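Here is how the chains run, residue by residue.
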Amino acid sequence: MPTSPPEKGVIWEELFFDLAFVFALTQFSHMLHGDHSWAGIGRVLLLFVTIYWAWVGTTIYTDQRDVGNALDRAGVFALGLGSLLLALTVPGAFDDRGQLFVGVYLTMRVLLAALALRTPGGWRSPVFRTYRTGLVSGPLQLAGGLLHGTTRIVLWSMAVLTDMVGTTLGRRTLEEVRVRPLHYTHRYGLLIILVLGESVIQVGMVAVDEPLTLARLAAICLSYSLVCALWWVYFIYGVRAFRQAVDQSAQQADIRRSVMVYGHLLFSFAIITIAVGLSEVVTKPLESPGASEGTVLFGGAALFLGTFAYTHWRIRRQIARRRISASVLCLVLLPLAPLVPALAALATLFAVVAGVSVLEGIVLHRHPLNGEPATGGEIRGDPGRVDEGPVVRE
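Residues numbered from 1 in each chain as written. Predicted model: local features only at pLDDT ≥ 70, side-chain atom pairs only at ≥ 80, totals over all residues. Heavy atoms only, no water.

## Things to note about the overall build of the protein chain
If you tally the helices and strands in the protein chain, you get 15 helices and two strands. Scored against the burial criterion, the 394 residues of the protein chain give a buried share of 56%. Once local pairs closer than 6 in sequence are excluded, the contacts in the protein chain between residues at least 24 apart make up 81%. Taken as a whole, the protein chain presents about 16,900 Å² of accessible surface, with 67% of it coming from carbon and sulfur. (Helix = DSSP H or I, 4+ residues; strand = E, 2+ residues; numbered from the N terminus. Buried < 20%, exposed > 50% of the residue type's maximum accessible area, 1.4 Å probe, protein only. Contact = heavy atoms within 4.5 Å. Areas by Shrake-Rupley, 256 points an atom, 1.4 Å probe, with all protein chains shown as cover.)

## Some details on a nonpolar patch on the surface
Residues Trp 313, Ile 319, Ile 324, Val 328, Leu 329 and Val 332 make up a contiguous nonpolar surface patch of roughly 520 Å² in combined accessible area. Ranked by residue count, the leading element in the nonpolar patch is helix α14 (residues 321-333), at four residues. Along the chain, the position of Val 332 falls in helix α14. (Patch = residues over 30% accessible without salt bridge, like charges linked within 9 Å, V, L, I, M, F, W, Y side chains within 5 Å. Salt bridge = Lys/Arg side-chain N within 4 Å of Asp/Glu carboxyl O.)

## Section: the pattern of salt bridges
Applying the stated rule across the entire model yields nine salt bridges. The salt bridge partner of Asp 254 is Arg 257, with a shortest N-O separation of 2.6 Å. Separated by three residues within a single helix, Asp 254 and Arg 257 lie in helix α12 (residues 252-283), roughly one turn from each other. Side by side, Asp 254 and Arg 257 carry an identical accessibility label, which is buried. Arg 322 is the partner of Glu 360 in a salt bridge, and the nearest nitrogen-oxygen pair spans 3.6 Å. In this pair, Glu 360 is assigned in helix α15 (residues 342-366) and Arg 322 in helix α14, connecting sequence segments 38 residues apart. Its relative accessible area of 29% is what places Arg 322 among the partly exposed residues. In the salt-bridge network here, residues are joined through shared partners; they are Glu 14, Asp 18 and Arg 187.

## Some thoughts on the confidence of the model for the protein chain
Averaged over all residues, the pLDDT of the protein chain equals 85, while 86% of them reach at least 70. Put simply, strand β1 (residues 378-379) is where the protein chain has its lowest mean pLDDT, 42, and α14 is where it has its highest, 95. Confidence drops under pLDDT 50 across residues 369-385; counting only partners more than four residues distant or on other chains, this segment forms 31 contacts. (pLDDT = per-residue confidence, 0-100.)

## Notes on helix α13 (residues 291-316)
Every α-helix carries 3.6 residues per turn, so stepping three or four residues along brings you back to the same face. With 26 residues, α13 extends 36 Å from end C-alpha to end C-alpha; this agrees with the ideal 38 Å at 1.5 Å per step. Trailing α13 by a residue or two, Arg 317 shows a phi angle of about 55°, which is positive. (Expected span 1.5 Å × (residues − 1).)

## Some points on the packing of helix α10 (residues 214-237) against α12
Orientation of α10 relative to α12, taken along the N-to-C sense of each, is 170°, at an axis distance of 9 Å. Judged on the interaxial angle alone, α12 and α10 are roughly antiparallel. Here Arg 216, Ala 219, Ile 220, Ser 223, Leu 226, Val 227, Leu 230 and Tyr 234 of α10 lie close against α12, whose contacting residues are His 264, Phe 267, Ile 274, Leu 278, Val 281, Val 282 and Thr 283. (Axes fitted to C-alpha atoms, helices over the stretch in contact; angles between N-to-C directions. Parallel < 35°, antiparallel > 145°, perpendicular 65-115°, else oblique.)

## Regarding the environment of Gly 145
For Gly 145, the position within the fold is in helix α6 (residues 134-146). Relative accessible area serves as the criterion here: at 1%, Gly 145 is assigned to the buried category. The spacing of Gly 145 and Ala 93 is 52 residues in sequence and 8.5 Å in space, taken between C-alpha atoms. Sequence-distant contacts of Gly 145, defined by excluding residues within four places in its chain, comprise Gly 98, Gln 99, Val 102, Arg 152 and Trp 156.

## Describing the packing of aromatic side chains
Going through the model one piece at a time under the given rule, you end up with 18 aromatic pairs. Between Phe 16 and Phe 77, the aromatic rings sit 5.4 Å apart at their centres with planes inclined by 75°, giving edge-to-face as the arrangement. In this pair, Phe 16 sits in helix α1 (residues 12-34) while Phe 77 sits in helix α3 (residues 70-89), placing the two residues 61 residues apart along the sequence. Judged by its relative accessible area of 41%, Phe 77 is partly exposed. (Phe/Tyr/Trp six-rings, centres within 6.5 Å; stacked < 30°, edge-to-face > 60°.)

## A few points about unusual backbone geometry
In this structure, Arg 317 takes a positive phi of about 55° despite not being glycine. Within the secondary structure layout, Arg 317 lies in the loop between α13 and α14.

## Some thoughts on the nonpolar core
Among the nonpolar cores identified, the biggest contains 106 residues, and Leu 47, Tyr 52, Tyr 188 and Phe 304 are the most heavily contacted of them. Among the elements that take part in this core, α12 stands out by supplying 16 residues, more than any other. Excluding residues that lie within four positions of it along the chain, Leu 47 makes contacts with Phe 28, Met 31, Val 90, Ala 93, Phe 94, Phe 101 and Trp 156. (Core = buried A, V, L, I, M, F, W, Y, C linked by side-chain atoms within 4.5 Å.)

## Let's talk about the packing of α10 against α15
Where α10 meets α15, the closest approach of the two axes is 9 Å, and the angle between their N-to-C directions is 30°. Classified by the angle their axes make, α10 and α15 are roughly parallel. The way α10 lies across α15 gives a crossing that is left-handed. Contact with α10, carried on its side by Ala 215, Ala 218, Ala 219, Leu 222, Ser 223, Ser 225, Leu 226, Ala 229, Leu 230, Trp 232, Val 233 and Tyr 237, involves Leu 343, Leu 346, Ala 347, Leu 349, Phe 350, Val 353, Ala 354, Ser 357, Glu 360, Gly 361 and Leu 364 of α15 and no other residues of that element. (Left-handed = near helix turned anticlockwise from the far one by under 90°.)

## Let's talk about the environment of Ser 157
Relative to the elements of secondary structure, Ser 157 occurs in helix α7 (residues 149-169). Assessed through its relative accessible area of 26%, Ser 157 is described here as partly exposed. C-alpha separation for the pair Ser 157 and Gly 144, spaced 13 residues apart in sequence, amounts to 9.3 Å.

Below, the structure written as structure tokens:
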């Protein structure tokens, strides 16, 4: 089995690249805020998966190379520019900016493939071969950009499915690539931080021009508290388990695909939908939320908690009963949300998410073997404290 490259921390170039990605996240939230019907959610998800795939490809590349040289730095900066341009095309991707969206996206994929040629083995290297699904999905994306309406949506959906299915069909290639567990999981942790931070920004942006009434201030505080609760669920009960799984699993490629790539796609999209729901509550805290507002808020929380249960099962082959119960409870409360003021609905949702964290903490304190350890432990000589945050090393 191939060995993992020497460990390293997240570097400044990657953090700079993420800044451009943040703008894309805000565009998705704005787009979903304008239309959070099921059709609107589907369109945003389609674009989000596309841009997320570019982020995943960049993460694999920076994990496999030490990019502390002029050419690689320039490549990462160029990819960041691509993220910025993609974000600018998101609002009109299904209209007049579809061709520009595809052009920028395919240019990023070609650039990633060209950079991957510099990894050991060149075009034969497994890193380069991970990008070859673009030979099928690329033409589908291009054809979709040239056409319009439902045809564009269908072709782009086929392209996204091609990339996602390709990671399963190319399992043998993925097994030849061993990532740096600490660096790799910290990159995905930073992704979650970015999405959570964008949630806070959304709340602030809708509140800054509104009268700061007592009800609105309460909604702002509860919104921030819910974001903190989501942070707690992920970073206290998840991130260490993810690193342990990537580091210790004999099928690292399977863990990377199912838990890191697919799992974090769902984590991040769930948070984006929750952010839109929070902005609606802050705008009209004393009015009853509509069905669509309840869907993005309670449905997003259900997806987040359900994904957390899914990752637990993939790692430990154990059913996370508390997380599944909390996810189901969110779905049960969803049709009841329009019956109460938005502020009350938000307070109920916060109680559910915070409650499952409290229960997890109690169980782990009394029975450490019944869940993921939140503190202590060592992995290949690294002290457990390294999971407190990204480590930047020269």
